[in-house]
Amino acid sequence: MNKNSKIAGKINQIGNEVFEKLKDLQIPPYPKYYHDTFMDILVDSNDSEIIDMSKKYKYLFLDDEIDQNLKEGCLKITKDS
């Protein structure tokens, strides 16, 4: 397994943990809740590779882009209708 697929596997594992945790807490997996829980689990993992990647590529781990995409999508739907 190469380094990239190893990191991708770890991120997918964290993603699955997030869904399980939110399900156990009976919290809907809305983007904000998912993001906050994901970042908590990521930091708690103490995995230096993923933490370094989250610092190097901050834009991948911010929920601002999600909010912007959601706003643009809503605006497009509103315009189309």
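Each remark here, short or long, concerns the structure printed above.
Attention in this report is confined to the structure presented alongside it. Model, not experiment: these values are computed from the prediction. (Residues numbered from 1 in each chain as written. Predicted model: local features only at pLDDT ≥ 70, side-chain atom pairs only at ≥ 80, totals over all residues. Heavy atoms only, no water.)

1. Some details on the overall build of the chain
Condition: Secondary structure elements follow DSSP: runs of H or I of four or more residues count as helices, runs of E of two or more count as strands, with numbering from the N terminus. Each accessible area value is a Shrake-Rupley result obtained with a 1.4 Å probe; residue values ignore everything except the protein chains displayed when judging cover.
Secondary structure assignment for the chain yields four helices and zero strands. Listing the helices and strands of the chain from first to last along the sequence gives α-α-α-α. Total accessible area computed for the chain in this model is approximately 6400 Å², and 55% of it derives from carbon and sulfur atoms.

2. A few points about the packing of aromatic side chains
Going by this rule: To pair, rings of Phe, Tyr and Trp, with the six-membered ring standing in for Trp, must have centres within 6.5 Å; the planes then decide the type, stacked if under 30 degrees apart, edge-to-face if over 60, and tilted in the middle.
All chains considered together, the criterion is met by three aromatic pairs. Ring geometry for Phe19 versus Tyr34: centroids 5.1 Å apart, planes at 45 degrees, classification tilted. Taken together, the residues span a long stretch of sequence, with Phe19 in helix 1 (residues 3-24) and Tyr34 in helix 2 (residues 31-45) at a distance of 15 residues. Their ring planes at 25 degrees and their centres at 6.0 Å tell us that Tyr34 and Phe38 sit as a pair that is stacked.

3. Focus on the packing of helix 1 against helix 2
This is how it is decided: Lines are fitted to the C-alpha atoms to define the axes, a helix being fitted only along its stretch in contact, and any angle between axes, read from their N-to-C directions, falls within 0 to 180 degrees. Should an angle lie under 35 degrees it is considered roughly parallel, over 145 roughly antiparallel, and from 65 to 115 roughly perpendicular; all remaining angles are considered oblique. Handedness of each helix crossing follows the sense of rotation of the near helix against the far helix: counterclockwise by less than a right angle gives left-handed, clockwise gives right-handed. We call two residues in contact when some of their heavy atoms are within 4.5 Å. Note that Gly is not counted as nonpolar here; it falls among the polar residues with everything else outside the nonpolar set of Ala, Val, Leu, Ile, Met, Phe, Trp, Tyr, Cys and Pro and the charged set of Asp, Glu, Lys and Arg.
At a minimum axis distance of 9 Å, the contact between helix 1 and helix 2 shows a crossing angle of 120 degrees. The pairing of helix 1 with helix 2 is recorded here as oblique in orientation. Here the hand of the crossing between helix 1 and helix 2 comes out right-handed. Across the interface between the two elements, Ile11, Ile14, Gly15, Glu17, Val18, Phe19, Lys21 and Leu22 from helix 1 touch Tyr33, Tyr34, Thr37, Phe38, Ile41 and Leu42 from helix 2. Among the residues making up the contact of helix 1 with helix 2, the classes are represented as ten nonpolar, two polar and two charged.

4. Description of the pattern of salt bridges
In a structure, side chains of opposite charge can pair up when their charged atoms sit close to one another. Spelled out, the test is: The salt bridge definition used is simple: a Lys or Arg side-chain nitrogen within 4 Å of an Asp or Glu carboxyl oxygen. Under the scheme applied here, a residue whose accessible area is under 20% of the maximum for its type counts as buried, over 50% as exposed, and between as partly exposed, the area being computed with a 1.4 Å probe on protein chains only.
Here the structure, examined in full by the defined rule, presents three salt bridges. Lys10 serves as the salt-bridge partner of Glu49, at 3.2 Å between the closest nitrogen and oxygen. In this pair, Glu49 sits in helix 3 (residues 48-56) while Lys10 sits in helix 1, placing the two residues 39 residues apart along the sequence. Note that Lys32 is salt-bridged to Asp36, the shortest N-O span being 3.3 Å. Taken as a pair, Lys32 and Asp36 lie in helix 2 at a separation of four residues, close to a single helical turn. Here Asp36 falls in the partly exposed class, since its relative accessible area comes to 31%. A single network of salt bridges, built from pairs that share partners, joins Lys10, Asp47 and Glu49.

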